[in-house]
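Remarks on the overall topology
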Amino acid sequence: MSDQPTGISNAFQLFFTEAPAHAKAWMGAVQGLDTASALDKKTGHLAYLAVLAALRLESGVPFHVGLAKKAGATRAEVLSAILVGLPAAGNAVTQVIPAALAAYDAGEPA
């Protein structure tokens, strides 16, 4: 599992190792959706962080913060993306702030 990028949760790593055919199919869909998107990479990664925060999917936050940072997102933009869902999703979005900022401050993007 060490060949997986950093920031990927243990559960998602197990998905890749224990169900490789399903993981390959899943990643094909992910790549297809990425290709179909009209958003630039940075905006897409920031929007994805907003969704993760709204759904309280903290385990995916470090990996996706790294992708956003690699695409040029600033620390303030990452924080703003997380908080954009505050009016609709409530203060639950704040639960991912510690993981997001720790991942951003860790240095290396995904």
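The structure reproduced in this document is the subject of the present report. (Residues numbered from 1 in each chain as written. Predicted model: local features only at pLDDT ≥ 70, side-chain atom pairs only at ≥ 80, totals over all residues. Heavy atoms only, no water.)

A few words on helix α5 (residues 75–83). All buried positions along α5 are accounted for by V78, A81 and I82. Seen from one end, α5 has its buried residues packed into an arc of 100 degrees, which puts them on one side. Against α3 (41–54), α4 (61–70) and α7 (97–105) lie the buried residues of α5. (Buried < 20%, exposed > 50% of the residue type's maximum accessible area, 1.4 Å probe, protein only. Helix = DSSP H or I, 4+ residues; strand = E, 2+ residues; numbered from the N terminus. Arc of directions from axis to C-beta. Contact = heavy atoms within 4.5 Å.)

For the coordinates displayed, the defined rule picks out three salt bridges. Across the pair D34 and K41 runs a salt bridge, and its minimum N-O distance is 2.5 Å. Among the residues examined, K41 registers a relative accessible area of 47% and is labelled partly exposed. D105 serves as the salt-bridge partner of R75, at 2.8 Å between the closest nitrogen and oxygen. With a gap of 30 residues between them, R75 in helix α5 and D105 in helix α7 connect regions that are remote in the sequence. (Salt bridge = Lys/Arg side-chain N within 4 Å of Asp/Glu carboxyl O.)

It is worth spelling out the packing of aromatic side chains at this point. Across all of its chains, the model carries three aromatic pairs by this definition. On the numbers, 5.7 Å between centres and 70 degrees between planes, the contact of F15 with F16 is edge-to-face. By relative accessible area, which is 24% here, F15 ends up partly exposed. The exposure class of F16 is partly exposed, given its relative accessible area of 21%. What links up through ring pairs into an aromatic cluster is the set F12, F15 and F16. When the ring centre of Y104 is taken as reference, the NZ or CZ atom of K69 above it lies at 4.4 Å. (Phe/Tyr/Trp six-rings, centres within 6.5 Å; stacked < 30°, edge-to-face > 60°. Lys NZ or Arg CZ within 6 Å of the ring centre and 35° of its normal.)

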